Amino acid sequence: MRTHHCYCSSSSSTVSLASSPPKLQDSLSYSRAYWVSRSVIAWNVDAVGGSCFLYSSSSAALTIAETGIEGYDLNIELERYDQRLPENVRDKFPHIRDYKAFKVPTALDPKTILKDQLAVAFFDANGQCISVTGLQLPGVLDDLFSYTGPLGAIFSNKAVSLFLWAPTAQEVRALIYSGPSGGEALEIVQLKESDGVWSVNGPRSWEGCYYVYEVSVYHPSTLKIEKCIANDPYARGLSGDGKRTFLANLDSDALKPQAWGNLADEKPEIADFSDVSIYELHIRDFSVNDPTVHPEVRGGYLAFTSQDSNGVLHLKKLSDAGLTHIHLLPAFQFADVDDEKDKWKFVDMEMLKSLPPDSAEQQEYITAIQDEDGYNWGYNPVLWGVPKGSYATDPNGPCRIMEFRKMVQALNRLGLRVVLDVVYNHLHGSGPIADNSVLDKIVPGYYLRRNADGFIENSTCVNNTASEHFMVDRLIVDDLLNWACNYKIDGFRFDLMGHMMKSTMMRAKSLLRNLSRDKDEVDGSSIFMYGEGWDFGEVANNGRGINASQFNLAGSGIGSFNDRIRDALLGGSPFGHPLQQGFLTGLSLQPNGHDHGTEANAAHTLAVSKDHIQVGMAANLKDFVLTNCDGQEVKGSEVLTYGGSPVGYASQPVETINYVSAHDNETLFDIISLKTPMEISVDERCRINHLATSVIALSQGVPFFHCGDEILRSKSMDRDSYNSGDWFNRLDFSYSSNNWGVGLPPKGKNENSWPIIKPRLASPLFKPQKSHILSALENFQNLLRIRYSSILLRLRTANAIQERVRFHNTGVSQIPGVIVMSIEDGHEGVAGLSQLDPMYSYIVVVINVCPTEISFASPVLRGKALQLHPVQMMSTENSTYDPSLGCFWVPSRTAAVFVEPR
């Protein structure tokens, strides 16, 4: 299931043309034929007999006349190929596997015309032209120009060399500037081409200068030879206005913090990826509202180096409790936030504070400037390989490089590894003119995935990229290596990972894994990869090749987000009715007035949701066997979602990222406040918030937490705060406020729910006090301490989980709303189980989501010497166990952990 923010851009191609068949004179605007290899063109032209011709024009002068195509420099007849497209072509382009094949004559060297405007035309037996179209070229470009040599700026002792892959370009020049903006070019140098790669050697004095490429190239979106001004796709630095590439030598000692080369030895150890726990954080959110951070660095990289700030002390608390990884939302160069801070607009925060909690005025002030302020999540990439300038104290020169490195170093020294959120599935800009277009200016029509008419696919929001193409795959993998080697990033989270090919992910994993401390100053074996494995759009069901979806990644060791456990816990889905209740939010047990069908139907949905959660707590393993609510023994893959897909999809525990909230959609506290009945107390909502994080923290697999889950964070019920400014996204690490009730959330994505939201924001009974926030934080730290107190809560293999994890209170006679999970370790009297934990031989986790205390007795657990976990003994937890009865008593809305000490 896709859960994603969407930012539409006016730079996308005119897809409306694709909705109706073109008139012949408009046909050149379409590219319905594919030049798939040196010798084969594929076209689904509807014709029998007749003949097909290929045309080219180096000046883009092709026009359509009654007799066919005019204005060409060359036309050549193609040979009809009566067999299917070659197998390798069908594998690479499965969406055109049934197209007709036409052979290019061996006498034609394709390299001589691939820089031209190209078209094919089909004529019937009477010589009448019946169909014309342009060509999509990625297949033949991959066949002829796949390249593995140097790209970007390469620094040697005496020279700075530039390399650019641009096989369809007619001319490439580099304009070298002394400064980031203004002034005449110091030099304009002509690059020379060899097999599609343009290069030039310049003096060492270029280091620290800026440059752009001027690329003369045919662009299919305009049907013209365009002179495009573009940054280097392999840029490692930028000017503050983002319009020039900065010539930065990342190996220079001047760009490295002190002891940077020793960071691999300072990083916190990670014995196994099953030990990973992830905390998702936006760089600006972290400190922009923190008065204990120096004003010049608030909202930026250096805030993480402020050792005594509220935010850093908060992270230290989490690290000390066991948290391992900080996941940073996009920090590469993205659009919609100007890097030059003097261009930002601001709102008077004190004035906003004076407005009522359910007022629509706050969002009006925020949305009026939302595209001109300093805020955006950053899922709108421009250049993947450069740190975002708005987070640096100076966006020009090397400052952003140095400060990003200092941030990573500071987080590692806090005991936290750093994950970078990467967005390779789309680009913000396209076309020959747009400021944010880069790749589509240099090799038009290659980097961006196109539909059957030749227009850019937009299922990821805008400008989908095509990792099935060789040089796109290469650019992505090179970029990951850049971040791993040059910035010592410890993990990568892939946005809409399912839109990438599995082969790209596996190649990236292999090359990252091969990085070594001796050679690269990086331990590649400790770099963790995970992402959104949603399967939709043109890539669904392997429509463009085997994609990196949840199901396809089984066995890969790459994690994907488990939306099943999220939806079962909270209720419905992010796209359903906001009042749809789930296992945690009162379904059947404490109705909120929403129509959930009959009582029997609601009770059955509750039981099915529990099955989904139990599969998730067993790491969402497809082969894990459990007893379902109907009393049947089933595998995780045989438990089905409401859409009919298997719940279990993983082969290894690290392939499941269990979560209940993320930056997308409402915060955990907000969604609980939406779905629970209006009349329950804020104390109860806080308990449910803690219960949600408890399920995630106590599950097998990798737990993932949205920053603020642990302090009841609210965004005033905003379901998509990507552009909602600092006001709706505020974090308060002084723990005075959770940001509840700061006005109705922005109209665009929330207006339909305003009638539900307004009375909740207006009620003072929904707002937590500081005591609630502090209690939530302590509870969260305790959860982490419990998780890391025993390896039994972090089992390494699917086999270990199947052997040791059991669910009780299952089948048709179960107590509704109660999960009982046991984990058994090897001890005397148990044959075949090895001993993993030196302290505990048995663990029982009881989750009670009921609004009342429950008791549960199990003959299997009778006689166990179980006691409340020491961490919970020190808290106010008062769950109990009677060994003579095998009976547990657990208060309402409580997660209790019992252990059997050795």
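In the block above lies the structure referred to throughout.
Residues numbered from 1 in each chain as written. Predicted model: local features only at pLDDT ≥ 70, side-chain atom pairs only at ≥ 80, totals over all residues. Heavy atoms only, no water.

**Description of the overall build of the protein**
- For the protein, the count of helices and strands is 22 helices and 38 strands.
- Taken over the C-alpha trace, the protein has a radius of gyration of 29 Å; the compact-globule value for 902 residues is 29 Å, and the two agree within 12%.
- Here the protein holds 902 residues, and the buried ones make up 63% of them.
- If you take every contact in the protein between residues at least 6 apart in sequence, the share linking residues at least 24 apart comes to 73%.
- When the accessible area of the protein is evaluated, it comes to approximately 32,000 Å², of which 49% is carbon and sulfur surface.
- Taking the average place of the 79 positive charges on the side chains of the protein and the average place of its 105 negative ones, the gap between the two points comes to 2 Å. (Helix = DSSP H or I, 4+ residues; strand = E, 2+ residues; numbered from the N terminus. Rg over C-alpha atoms; globule rule 2.2 N^0.38 Å. Buried < 20%, exposed > 50% of the residue type's maximum accessible area, 1.4 Å probe, protein only. Contact = heavy atoms within 4.5 Å. Areas by Shrake-Rupley, 256 points an atom, 1.4 Å probe, with all protein chains shown as cover. Lys, Arg positive; Asp, Glu negative; His and termini not counted. Charge placed at Lys NZ, Arg CZ, Asp CG, Glu CD.)

**Considering the pattern of salt bridges**
- Counting across every chain of the model gives 41 salt bridges.
- The salt bridge partner of Glu 214 is Arg 173, with a shortest N-O separation of 2.8 Å. Of this pair, Glu 214 sits in strand E16 (residues 210–219) while Arg 173 is found in strand E12 (residues 169–177), placing the two residues 41 residues apart along the sequence.
- We classify Arg 173 as partly exposed; its relative accessible area is 24%.
- As a salt-bridge pair, Lys 635 and Asp 623 come within 4.0 Å of each other at their nearest N and O atoms. Remark: Asp 623 occurs in the loop between helix H14 (599–617) and strand E27 (625–627) and Lys 635 occurs in strand E28 (residues 633–635); sequence separation between them is 12 residues.
- Lys 635 gets classed as partly exposed once you look at its relative accessible area, which sits at 36%. (Salt bridge = Lys/Arg side-chain N within 4 Å of Asp/Glu carboxyl O.)

**A short note on the sheet that holds strand E35 (residues 867–868)**
- Taken in spatial order, the 5 strands make up an open sheet running E31-E32-E33-E38-E35, and their pairing is antiparallel. Looking at which strands have only one partner, the edges of the open sheet turn out to be strand E31 (805–808) and E35.
- Pairing analysis gives 7 bridges linking strand E32 (residues 818–824) to strand E33 (residues 840–848), with the strands arranged antiparallel. Residue pairing across strands places Val 818 opposite Asn 848, the latter belonging to E33.
- Where helix H16 (residues 682–697) meets the sheet, it contacts E33 and strand E38 (894–901), and its direction lies at approximately 45° from that of E38. (Pairing = 2+ DSSP bridges. Axes fitted to C-alpha atoms, helices over the stretch in contact; angles between N-to-C directions.)

**Here's the deal with the pairing of strand E9 (residues 129–136)**
- E9 sits mainly inside the fold: 6 of its 8 residues count as buried.
- Alignment of strand E1 (residues 33–37) against E9, held across 2 bridges, turns out to be parallel. Looking across to E9, one finds that Ala 33 is bridged to Leu 135.
- Inspection of the sheet shows strand E8 (residues 117–123) paired to E9 by 5 bridges, in the antiparallel sense.

**Re the nonpolar core**
- Counting residues in hydrophobic clusters, the biggest one holds 223 residues, and the most contacted among them are Trp 35, Leu 54, Trp 165, Phe 404, Phe 492 and Phe 494.
- Residues Phe 273, Ile 278, Tyr 530 and Phe 536 belong to the second largest nonpolar core, which totals 17 residues. (Core = buried A, V, L, I, M, F, W, Y, C linked by side-chain atoms within 4.5 Å.)

**Quick look at the state of the cysteines**
- Using the criterion set out here, one finds 0 disulfides in the structure.
- Considering cysteine sulfurs only, Cys 209 is the nearest to Cys 399, which forms no disulfide, with 18 Å between them.
- Judged by its relative accessible area of 18%, Cys 399 is buried. (Disulfide = S-S within 2.5 Å.)

**Re the packing of helix H15 (residues 668–675) against H16**
- Between H15 and H16, whose axes approach to 10 Å, the crossing angle comes to 125°. With respect to H16, the axis of H15 lies oblique. Both H15 and H16 take part in a crossing whose hand is right-handed. Taking contact as the criterion, the partners of Leu 668, Phe 669, Ile 672 and Ser 673 in H15 are, on H16, Val 682, Arg 685, Cys 686, Ile 688, Asn 689, Ala 692 and Thr 693.
- Here the residues of the contact of H15 with H16 are counted per class, giving 7 nonpolar, 3 polar and 1 charged. (Parallel < 35°, antiparallel > 145°, perpendicular 65-115°, else oblique. Left-handed = near helix turned anticlockwise from the far one by under 90°. Nonpolar A, V, L, I, M, F, W, Y, C, P; charged D, E, K, R; others polar.)

**What about the packing of aromatic side chains?**
- Within this structure, the stated rule accounts for 38 aromatic pairs.
- Relative to Tyr 487, the ring of Trp 483 lies with its centre 4.7 Å away and its plane at 35°, an arrangement referred to as tilted. Assigned by exposure class, Trp 483 and Tyr 487 land together as buried.
- Three or more aromatic residues link up through ring pairs in this structure, and these residues are Phe 273, Phe 528, Tyr 530, Phe 561, Tyr 659 and Phe 704.
- In this arrangement the basic side chain of Arg 244 is found over the ring face of Tyr 177, its NZ or CZ atom lying 3.5 Å from the centre. (Phe/Tyr/Trp six-rings, centres within 6.5 Å; stacked < 30°, edge-to-face > 60°. Lys NZ or Arg CZ within 6 Å of the ring centre and 35° of its normal.)

**A short note on the packing of H16 against helix H20 (residues 770–787)**
- Following both chains from N to C, one finds H16 and H20 inclined at 20°, their axes separated by 10 Å at the closest point. In terms of orientation, H16 and H20 fall into the roughly parallel class. For the pair H16 and H20, the sense of crossing is right-handed. In contact with Val 682, Asp 683, Cys 686, His 690, Thr 693, Ser 694, Ile 696 and Ala 697 of H16, H20 contributes His 772, Asn 779, Phe 780, Leu 783 and Arg 787.

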